[in-house]
There are 2 protein chains.
Amino acid sequence: MKTSPLFTDLYELTMMNGYLKAGKTEWAAFELFVRKLPKNRNYLVFAGLNDVVELLQDYRFSESDIDYLYSLKLFSDDFLDFLKNFRFTGKLYAMREGEIFFQNEPVLRVEAPIYEAQLFETAIMNQVHISSLIATKAARVFSVAKGKKLADFSLRRTHGFDAGMKVARSSYLAGFDATSNVLAGKVYGIPVVGTVAHSFIMAFESEEEAFRAYLNAFPNHGILLVDTYDTVEGVKKAIKIAKEVGIPLKGVRLDSGNVVELSKIARKLLDEAGFKETKIIVSGGLDEYSIKEILEKGAPVDAFGVGTKLGTSADSPYIDFVYKLVEFNGKPVMKTSSGKKMYPGRKQVFRNEDHDVVGVFGEELPGEPLLEKVMENGLLIKEFPSLKESREYFLERFSKLPEELKRIDRKVEYPVRISEKLKELYRKTLSEIERER
Amino acid sequence: MKTSPLFTDLYELTMMNGYLKAGKTEWAAFELFVRKLPKNRNYLVFAGLNDVVELLQDYRFSESDIDYLYSLKLFSDDFLDFLKNFRFTGKLYAMREGEIFFQNEPVLRVEAPIYEAQLFETAIMNQVHISSLIATKAARVFSVAKGKKLADFSLRRTHGFDAGMKVARSSYLAGFDATSNVLAGKVYGIPVVGTVAHSFIMAFESEEEAFRAYLNAFPNHGILLVDTYDTVEGVKKAIKIAKEVGIPLKGVRLDSGNVVELSKIARKLLDEAGFKETKIIVSGGLDEYSIKEILEKGAPVDAFGVGTKLGTSADSPYIDFVYKLVEFNGKPVMKTSSGKKMYPGRKQVFRNEDHDVVGVFGEELPGEPLLEKVMENGLLIKEFPSLKESREYFLERFSKLPEELKRIDRKVEYPVRISEKLKELYRKTLSEIERER
């Protein structure tokens, strides 16, 4: 979904004007990271790099953008002239989409003249935030689903169009199998799924008539919603009508009531009727907590449709990402006042079997380095992985995550160590700040 | 922000195909409402009608949309042909944007052939949901701000581009004064505001130099961020540099630390220096709870920048809107199975001084009817109010809301009564459903 370079906080533009007016054109590095994981998250999943690359590549001010900025009577004319030909000329380093990450680990770094690197702050944060938020939530659902199929059903309550697209993409990236969002199917190639709503059933004289109409319209796609009036009766009628019209009943969907009991009854009725292949699909207010409980109680569910609580990451609807200046004109810098500790300078993250180390960029340490160069001179330097490839990558990385961390009911902290060299740089930078004051 | 008709759940399209295949072209009415308010909300604010009107007016399937649907091998050819010329031909009734509403009150109703009215479910819900969610959250902030200026600073952590735009618009609608989102300024005409970030300060050799550079670049817009290193020192330096360069210090922004104490110190320093006009702006993790506390502790704050918790409605990140079939072919209908009671038929909401009544559409009852016709034959029937007009409407309606309901710390339920005629219709519909079973 395209937007405009004006999709930014005003201060990014005033600062840019201020930098240029003061002759500040030195290169700077900004890193995007999280100081502390949200209270009920043991890990985060990185996503949204596709959108960052797209926005950096396509960042162009239109004439009407410039006209609007002019109308604010805030910017100098030479600055507005400068914007007309502005484009991103810097470097982008990032983790791969689908990577697992933790506190204090930069997931991406922009290196460019400071007025440029600053400008992208808002848009980059906005895009990585929603995608990583949802990828993380989806990974938690995936971790409890024990191989059952998962579909994103959240579109009606995501926060707008763009979120709807990103929820579909990020949940697929983090282990989901499908989405109900047709546009996400078209744009991202994600499998799309769907059945019928209660209103469809209600529009017919009887439930049986509605089932008949649906099976006749979709003989290869016969999934029926059975809980409009009475769920057990609904299952019986679905069996009856499927037999009558001679069309295989692919599945029944339960969207309300005690789904543990109802799914057991439904399974029994289906099996007794010889419908052993018919799947039971459950939806309605689900999240990782309820899915875990449903499965632990032995409900014979084959697939879950997960909606609102996935699409809004309801138990933790934001992540405190920050985008901080870490180097200016070759010199490591950091902010000190808020009591929120950060480390100066450009960094690399090294993954080892049971811990990560955050080190100074360029230092050699054991483990796999996670940040790689993605763009140079404002251009992508290699082909961007497909969504399927990124999904494979997530699945492989997630399989290596210690099981203890995948618990959804307990806070477990993964060890993220700071390298000696980075600690030393922190001390040095701090003493310089104190000396200058 | 434009999207595609494929921004919908797959089942809306399969149901549409199913309706048409079964010859179901009768008119239907769907109403959008909330059964129960979220646990920490005493009222909701309706917003997003602008987007509903736009999407209903512009709903056209492109050739590539049809091609994609064809590729799914799910739909009949005549159905896909039908979609090529599809457009909305029905009626839309709705409350005005900025209206306060409660449980069981329809905020909008679509009347059209059932396959049409059904199709729009997902997109309408998606759009009204995010805008009303944020308008409600913003109204809560507005209710505790005691006339202090409020700015939306949430863009970096809203759920994507579209949410960013809607948060700016909906918060302005519900009493905010400005946004940091430049594109929202351009598109909606909302006043835009902004200062500088910590990185700007850090990019200069010293805080004083950064202040000097900023004031020189924006002599009419001199708001300085004073908490990068040490807030009290920052205020002193801001005063010193403003005096030195002879540029009025319009404001200082505090973004961290104990803002109650720090704002008192800042006010004292500013007043002593003769800077009585300089405003104190506070930001950083704010919401209605913290703003109430800050003001109750006597902090001399002039304006608040409210970010993430506004932009994600963090304490209540979704509203359980439902879009339900209430009438089919002239006959009132309702869903019964889930234990979630709903009322059948087309309705009207009547507002009285201290209670609302939900009645049958067409019945005459005391109070002001809140639903009005907005579209007919798929077209807008009168000019849509400007955002400023809707904001005025909200302010007027909100001023009439009983003060008790505006409390953010206690659940208070506003009386929503059901008219005798609607109760009777409910009983009649229920007995018919039971008879048919």
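Residues numbered from 1 in each chain as written. Chains lettered and ligands numbered in written order. Predicted model: local features only at pLDDT ≥ 70, side-chain atom pairs only at ≥ 80, totals over all residues. Heavy atoms only, no water.

## What about the packing of helix 7 (residues 160-173) of chain A against helix 15 (residues 387-400) of chain A?
Between two packed helices, what matters for the description is the angle formed by their axes and the separation of those axes. All names here are of chain A. Between helix 7 and helix 15, the least distance of the axes is 8 Å, while the angle of their chain directions is 50°. Considering their axes alone, helix 7 and helix 15 lie oblique with respect to each other. Between helix 7 and helix 15, the contacting residues are R169, Y172 and L173 on the first element and L387, K388, S390, R391 and F394 on the second. Residues that form the contact of helix 7 with helix 15 fall into these classes: four nonpolar, one polar and three charged. (Axes fitted to C-alpha atoms, helices over the stretch in contact; angles between N-to-C directions. Helix = DSSP H or I, 4+ residues; strand = E, 2+ residues; numbered from the N terminus. Parallel < 35°, antiparallel > 145°, perpendicular 65-115°, else oblique. Contact = heavy atoms within 4.5 Å. Nonpolar A, V, L, I, M, F, W, Y, C, P; charged D, E, K, R; others polar.)

## A look at the relation of the copies chain B and chain A
Copy one and copy two of the chain differ by a rotation about an axis and a translation along that axis. Each copy superposes on the other: chain B lies on chain A with an RMSD of 0.0 Å after a rotation of 180° and an axial shift of 0.0 Å. The symmetry that links the two subunits is that of a two-fold axis. A symmetric contact is evident, with 100% of the interface residues of chain B recurring at the interface of chain A. (Least-squares fit on C-alpha atoms with pLDDT ≥ 70 in both.)

## Topic: the sheet that holds strand 17 (residues 372-376) of chain B
Strand pairing in a sheet relies on backbone hydrogen bonds, with the paired strands running either antiparallel or parallel. Residue and element names in this part refer to chain B. Read across the sheet, seven strands follow the order 13-12-1-5-3-17-18 without closing on themselves; strand pairing throughout is antiparallel. Strands with a single pairing partner mark the edges of an open sheet, and in this sheet they are strand 13 (331-332) and strand 18 (379-380). In this structure, strand 3 (residues 91-94) lies alongside strand 5 (residues 108-113), joined through four bridges in antiparallel fashion. Looking at the pairing, L92 lines up with V110 of strand 5. (Pairing = 2+ DSSP bridges.)

## Some remarks on the domain arrangement of chain A
Residue and element names in this part refer to chain A. The domain architecture assigned to chain A consists of domain 1 (10-134 + 316-436) and domain 2 (144-311). Its C-alpha centre places domain 1 at a distance of 39 Å from the equivalent point of domain 2. Counting residues at the interface gives 22 residues for domain 1, matched by 22 residues for domain 2. Buried area between domain 1 and domain 2, summed over both chains or domains, comes out near 1800 Å², and the portion from carbon and sulfur atoms is 59%. A per-residue breakdown of the area domain 1 buries against domain 2 is headed by I134, L387 and I408, which together make up 41% of the total. Seen at the junction of domain 1 and domain 2, the total is three salt bridges. Notably, a salt bridge pairs D51 with K166, separated by 3.7 Å at the nearest N-O pair. (Domains from an automatic or database assignment. Buried area = accessible area lost by both parts, 1.4 Å probe. Salt bridge = Lys/Arg side-chain N within 4 Å of Asp/Glu carboxyl O.)

## Regarding helix 15 of chain A
All names here are of chain A. Taking 1.5 Å per residue as the helical rise, helix 15 with its 14 residues ought to reach 20 Å, and the 20 Å between its terminal C-alpha atoms agrees with that figure. Turning to helix 15, its buried residues are L387, S390, R391, Y393, F394, R397 and F398. Summarising the axial view, the buried residues of helix 15 lie within an arc of 160°, below the 170-degree limit, and thus occupy one face. The exposed residues of helix 15 that point more than 90 degrees off its buried face are K388, S399 and K400. (Expected span 1.5 Å × (residues − 1). Buried < 20%, exposed > 50% of the residue type's maximum accessible area, 1.4 Å probe, protein only. Arc of directions from axis to C-beta.)

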